[in-house]
Amino acid sequence: MLSFALIGAAGYVAPRHMKAIHAVGGDLKVAYDPNDSVGILDSHFPDANFFTEFERFDRHIDKLRRRGDKIDHVSICSPNHLHDAHCRFALRSGADAICEKPLVLNPWNIDGLAEIERDTGRKISTILQLRLHPAILALRERFATSNKRHKVELSYVASRGRWYYASWKGEDAKSGGVATNIGVHFFDMLSFIFGSVKRNEAYLREPERAAGYLECARADVSWFLSVDRNDLPAEVQGNKTTFRSITVDGEEIEFSEGFTDLHTRSYEEIVAGRGFGLDEVRSSIDIVSTFRSAPITSGREWRHPAMRKAAAK
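Basis of the calculations
Residues numbered from 1 in each chain as written. Predicted model: local features only at pLDDT ≥ 70, side-chain atom pairs only at ≥ 80, totals over all residues. Heavy atoms only, no water. Pairing = 2+ DSSP bridges. Helix = DSSP H or I, 4+ residues; strand = E, 2+ residues; numbered from the N terminus. Right-handed = clockwise from strand over helix to strand, strands pointing away. 1 Å grid on protein atoms, 1.4 Å probe; cavity = no way out; pocket = protein on both sides within 12 Å on 5 of 7 lines; lining within 4 Å. Points joined across faces, edges and corners; volume = space filled by probe spheres on them. Nonpolar A, V, L, I, M, F, W, Y, C, P; charged D, E, K, R; others polar.

Time to look at the pairing of strand β2 (residues 27–32). In the sheet, strand β1 (residues 3–7) pairs with β2 via five bridges, with the strands oriented parallel. Within β2, the residue paired with Leu6 across the bridge is Ala31. In terms of handedness, the path from β1 via helix α1 (residues 14–23) over to β2 forms a crossover that is right-handed. Where β2 lies against strand β3 (residues 49–51), three bridges are found, and the strand directions are parallel. Bridge pairing links Val30 to Asn49 in β3.

Overall, the coordinates contain one cavity of 30 Å³ or more when judged by the stated rule. Approximately 30 Å³ is the volume attributed to the largest cavity. Around the largest cavity, the lining residues are Thr126, Ile127, Leu128, Leu132, Ser266, Glu269, Ile270, Gly275 and Phe276. The leading source of residues in the lining of the largest cavity is helix α11 (residues 262–271), at three residues. Classifying every residue of the lining of the largest cavity by side-chain character gives five nonpolar, three polar and one charged.

What follows is about the pairing of strand β11 (residues 242–248). Walk down a regular strand and you will see the side chains alternate between the two sheet faces. Where strand β7 (residues 150–158) lies against β11, seven bridges are found, and the strand directions are antiparallel. Of the residues in β11, the one forming a bridge with Ala158 is Thr242. Both β11 and strand β12 (residues 251–252) contribute to a ladder of two bridges, which runs antiparallel. Residue Thr247 lies in a different strand from β12, and its bridge partner there is Glu252. Turn length for the β11-β12 hairpin, with the two strands adjacent in sequence and antiparallel, is two residues, and the turn residue Asp249 shows positive phi of about 55 degrees.

Geometry only, nothing functional implied.
In structure tokens:
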């Protein structure tokens, strides 16, 4: 039976990792979070050891290693800016790392992690769950051999309350900003389907929303992301808190369903040796890192319709 440790047990995404660990027959031996609201552990792993201090968590994992009961995988659900350090900790503890997105905030951090992989012989896998979504896989196959350029519009509004700005997610230095925090997996999806990015323009970069343009190998992409519920389309306001839309050449692509078990599918691939490693994650990290420092331009030609609406408020 594979043994797991979990960093970030009280976070929003942690229950998906616990469910996935249980689904692949793993045993969660130990978990860590500075917050102790982790009653969800009882649903799958009531016997897991738990620590609110990283030093004690570190000591426990080292004790397991020294007595020949080392951890196989460390699952990382900590705040974005800590992923790099926690991946290093996992590998130096003799375990493989399974890290939530974004793996790191900047592409040069990937190079450092590659060195640690070589030094330790361990591996880092990241959760790029949209690459496993049936609708996304069908899209990739559909456009893989296309000889024409496609016009793509991506819209994603994930409403967040005032707590968001008081948490680490509201601090650009920790989360990477809206484009990184809620958009990185969509950017991975776009480059996965339409090829490498040749041009990356920033049109809007605010605490609650971001917009820009990507020139991919086979598509021109206008995108808009927001955590402000006022940016929800009128037809869903009051009924939904989240809105996703992708259109390709004016055709709406349906991919709103099928998200439920993608973390479990990700774990199944990882434990089978087919996880997404450092090479796969580089494109999306390049995109968000470049956007974070790019000059803001008018983007008249490729401005997303939702951006024009937001600017008019």
